[in-house]
Amino acid sequence: MKLKVSIVVIAVVLGVGFLVISSSGKDAHPHFQLKEFYEVLKSNPQKLDNLFMTIYGNVKEGSIVKKGIQANFIVEKDGLELPVFATGKNLLPDMFKDGAILSMDGVYNRQLNQFEADKVLAKCASKYESAAMPANMGK
Amino acid sequence: MVLSMGTGLVSLLSGIWGIWKRDKEYLVLSRQTLYLHFIIISFSLLSLTYLLVNADFSIAYVTNHVNNALPVFYRVTSIWAGQAGSMLFWNFLLILFSVIAVLHIQKEEPVLVPYIIVILMGISLFFSIMGNFSDTSDPFRVFHAGERIMTSNDGRGLNPLLQHWAMVIHPPVLYFGYVSFAIPYAIAMASLMTGRINLKWTRLVRRWTLFSWFSLGAGIMLGSKWAYEELGWGGYWAWDAVENASLMPWLTGTAFLHSILVQEKRGMLKVWNMVLVTISFLMCIFGTFLTRSGVVNSVHAFANSTLGPFFVVFMILIVLFSTYYIITRLSELKSDRPINSFLSREAGFLFNNVLFVVMLFTLIWGTMYPAFTEYFLKEKVSVTAIWFNKFMVPLGLLLMFLTGAGPLLAWRKTAGKTLLKNFRLPLTVLFVVFFAYFGIRYFYFHYTSLEELKLMAGISFALSAFVISGVVEEFLQTTRARISVTKESFFAGFLMIFFQNKRRYLGYAVHLGLAVMFVGFTGKAFTTETKLVLGKGEAESFQGYLIEVADYEQKSFPENKNAAPLYTSKIVHVNVYKDDHLINSGKTEIRSYPLYNLSNGKYDDVQDTSEPAIMSGLYEDVYVQFGGIDEGRIIIQVWINPLVNWVWAGFIGYTLVLVLLLVPFGEKRVIAFFGKKYNTSVVMQGS
């Protein structure tokens, strides 16, 4: 009986473990900092076509142009910039504003040279203190 | 903070020395320094509270979380609004629980106490070291020279998102859970170190584990309630890294609560219980690490922390320490007997444990996947909520089946006749609900494809009904058996069964609460959403409701014109009609809180918060969030969220039952309280 129980337990653990590990690449998408995004765009632009991805960047001061729940703005980091169009599929977060640190899910439109973000996340509650600190604080 | 490190160190070292040299004087010193340590940490916490309440802006933490306009209540809750305060609060709770545990165990099993103190002091010292050596964890840090450049005397204030009743109690309740798991861990390790691996340690950890498990569950649900009411995105769970982090120790804690039962009743799973209590505590530290280190991204959006390496080293030490003692005591941890049958309660518990561990692995894998891929493949990739649902939903359903089936199985082996008798009603209910669900979907709503029929939802409803009917049948049978002896009224007898054998029947009642919550979770499968663009006085239909924008206004709060506005708000008043009848009204807002800009000393920064209108019913919620104005027309996003109230109802049940389980109030006291109405000795036989 002990052997039977052990076999069943091991089979369940290994079976589900295998499924978990082997399937994780299928429902996944890459994350890019702006610098990495431009590296891929330069070396292999086709790779980005219709690729759902997450891009990180900071909202450029004064770049936000809102139209209802949609918005055009620019994200910047490390001296690089990327125009973004928030499609309005999801509402923009409360902390979306100039200087906010964003994580944006969407696809890159090469023809328009803009990132079309369906979902935008900005810094929220538990990291508020650091996000709110001016650059010279905490150093 | 420095003193607390000193007392922690003295208590730890004198404890180790006392154990090593068997010197009672050092053991007494270790215990007394623990009490001193508690006094010092409490003083630190009180000092921080004083600084926050009095808005001492020479302190960086105070400046970042308090402003002159913030009410005193929120100034106090700012203790856990940021990292440094949270870490101090963590340490305070740890020492508070340590003192309570030591005072209790000193009476029950004094030989374990020195070891327990050494382990708990080791953990506390870790947090004291972080407070002293990490800039981001020191709540008393004054501004460095040239760092504080604003001109007027004010602070940033508490993040408006945190100014919500659920967010006031969610962090401390969750911390109760995270921190108190250190006590069962310390008791288990002390038992291993002393070689006293008898039944007593499982009895000593039982109430602590229950308390931790209850607090974690309550903390998770309060966080969900806050997200649902405050974030305005229509949901309460998103498989976010921080949410997952809190679920991890809850899963292993649930497994542990069941597996210690097997050890107590059958003398089995002794090694496994030691492993499980270690994993549970490790998951509490891992959860804190995920929340505070910035190793993965989250909507809670953490980063820029210096704490990661501290936590990694600490977790490695826990693993090495626990593994060493488990291995050295392996021969004494052998099971008294093997599992005799798959159709036994112990086998049910074992498979429930396997499922919990598999779920834990899935959660860790999915949560850490971006960190793994970034480290090993040099490309950061994350899995989606769809991936989590793909695994966690079927695993959760299997778990639901075991939740219902476990109590119907007998210890050792369930005879065929008993099996049939016990499963007859629950299985009948399961199939009735299952076929009724598909019948209604197919014949009434005319859905034909599997996707439209929503197979998983049907299984989930059926399994929830299976659990509920099994528990209700058990309650009814026990009540009938009881009142046939006691001659009580049915209602009194029904109430008394919960005090007759609290652990068993209140345990079943927890199952009932979880099944109700599962019904609510299943409602998520039927959520629908849309965006409406309406003028004032216009209405549009959605999912059988007519949703009208009744009014739009902008206001400042408080409305008293002499007071400075706390926030300004754009408010949309919404009416919801069904069959031409007004069934509910509400208002959704976007509030704008002026924020003090530390870099120029002006209130030129703004923090917006979304305030949804949630119009709840037993069957579904109409959830409306104002999105903005487009060419004079109002944009609202509408979600129809079925069965959400079942989630909260199940949670309230879970909470009430667990509070009853935790309070030391059994049948004897109930009888003493309400008066003796029947022959107690007869009743107690059934206890």
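No experiment lies behind these values; they were computed from the predicted model shown. (Residues numbered from 1 in each chain as written. Chains lettered and ligands numbered in written order. Predicted model: local features only at pLDDT ≥ 70, side-chain atom pairs only at ≥ 80, totals over all residues. Heavy atoms only, no water.)

**Student:** Which residues make up the overall build of chain B, and what are the values?
**Tutor:** What chain B contains, in helices and strands, is 22 helices and 10 strands. In summary, chain B has a C-alpha radius of gyration of 28 Å against a globular reference of 26 Å for 687 residues, a match within 12%. When the backbone C-alpha atoms are referred to their principal axes, chain B occupies close to 75 × 75 × 65 Å. In chain B, buried positions account for 57% of the 687 residues. Considering only residue pairs separated by 6 or more positions, chain B has 70% of its internal contacts joining residues 24 or more positions apart. (Helix = DSSP H or I, 4+ residues; strand = E, 2+ residues; numbered from the N terminus. Rg over C-alpha atoms; globule rule 2.2 N^0.38 Å. Buried < 20%, exposed > 50% of the residue type's maximum accessible area, 1.4 Å probe, protein only. Contact = heavy atoms within 4.5 Å.)

**Student:** Can you break down the packing of helix α6 (residues 113–133) of chain B against helix α12 (residues 308–328) of chain B residue by residue, with the values?
**Tutor:** All names here are of chain B. It is at 11 Å that the axes of α6 and α12 come closest, and there the two elements cross at 170°. By the angle between their directions, the pair α6 and α12 is classed as roughly antiparallel. Considering the relative orientation of α6 and α12, their crossing is right-handed. In contact with Ile 119, Gly 122, Ile 123, Phe 126, Ile 129, Met 130 and Phe 133 of α6, α12 contributes Phe 310, Phe 311, Phe 314 and Phe 321. (Axes fitted to C-alpha atoms, helices over the stretch in contact; angles between N-to-C directions. Parallel < 35°, antiparallel > 145°, perpendicular 65-115°, else oblique. Left-handed = near helix turned anticlockwise from the far one by under 90°.)

**Student:** Break down the confidence of the model for chain A for me, citing the residues and quoting the values.
**Tutor:** Residue and element names in this part refer to chain A. Averaged over all residues, the pLDDT of chain A equals 82, while 88% of them reach at least 70. Within chain A, strand β5 (residues 80–86) carries the highest mean pLDDT (95), whereas helix α3 (residues 128–132) carries the lowest (37). Note that pLDDT drops below 50 for residues 124–139; the model gives that stretch 45 contacts with residues more than four away or on any other chain. (pLDDT = per-residue confidence, 0-100.)

**Student:** Outline the pairing of strand β7 (residues 114–122) of chain A, listing residues and values.
**Tutor:** Residue and element names in this part refer to chain A. Here β5 pairs with β7 via 3 bridges, running parallel. The residue bridging Ala 86 from the neighbouring strand is Ala 117, located in β7. As judged from the 8 bridges shared by strand β6 (residues 101–109) and β7, these two strands associate in the antiparallel manner. For Val 107, the partnering residue across the bridge sits in β7 and is Glu 116. (Pairing = 2+ DSSP bridges.)

**Student:** Please provide a residue-by-residue account of the nonpolar core, values included.
**Tutor:** Ranked by internal contacts, the top residues of the largest apolar core, which has 207 residues, are A:Phe73, A:Leu102 and A:Met104. Beyond its immediate sequence surroundings of up to four residues, A:Phe73 is in contact with A:Val59, A:Ser63, A:Ile64, A:Leu82, A:Pro83, A:Val84, A:Ala86, A:Phe96, A:Leu102 and A:Met104. (Core = buried A, V, L, I, M, F, W, Y, C linked by side-chain atoms within 4.5 Å.)

**Student:** Go over empty space enclosed by the protein, please, and point to the residues and values.
**Tutor:** Residues and elements named next belong to chain B. Inspection of every chain in the model, using the stated rule, returns 5 cavities of 30 Å³ or more. Taken as a whole, the largest cavity encloses approximately 60 Å³ of empty space. As for the largest cavity, its lining consists of Thr 403, Gly 404, Pro 407, Leu 408, Val 467, Gly 470, Val 471, Glu 474 and Tyr 508. Taken together, the elements giving at least two residues each to the lining of the largest cavity come down to α14 (385–405) and α17 (455–486). For the lining of the largest cavity, the element with the highest residue contribution is α17, accounting for 4 residues. Class assignment of the residues belonging to the lining of the largest cavity gives a composition of 5 nonpolar, 3 polar and 1 charged. (1 Å grid on protein atoms, 1.4 Å probe; cavity = no way out; pocket = protein on both sides within 12 Å on 5 of 7 lines; lining within 4 Å. Points joined across faces, edges and corners; volume = space filled by probe spheres on them. Nonpolar A, V, L, I, M, F, W, Y, C, P; charged D, E, K, R; others polar.)

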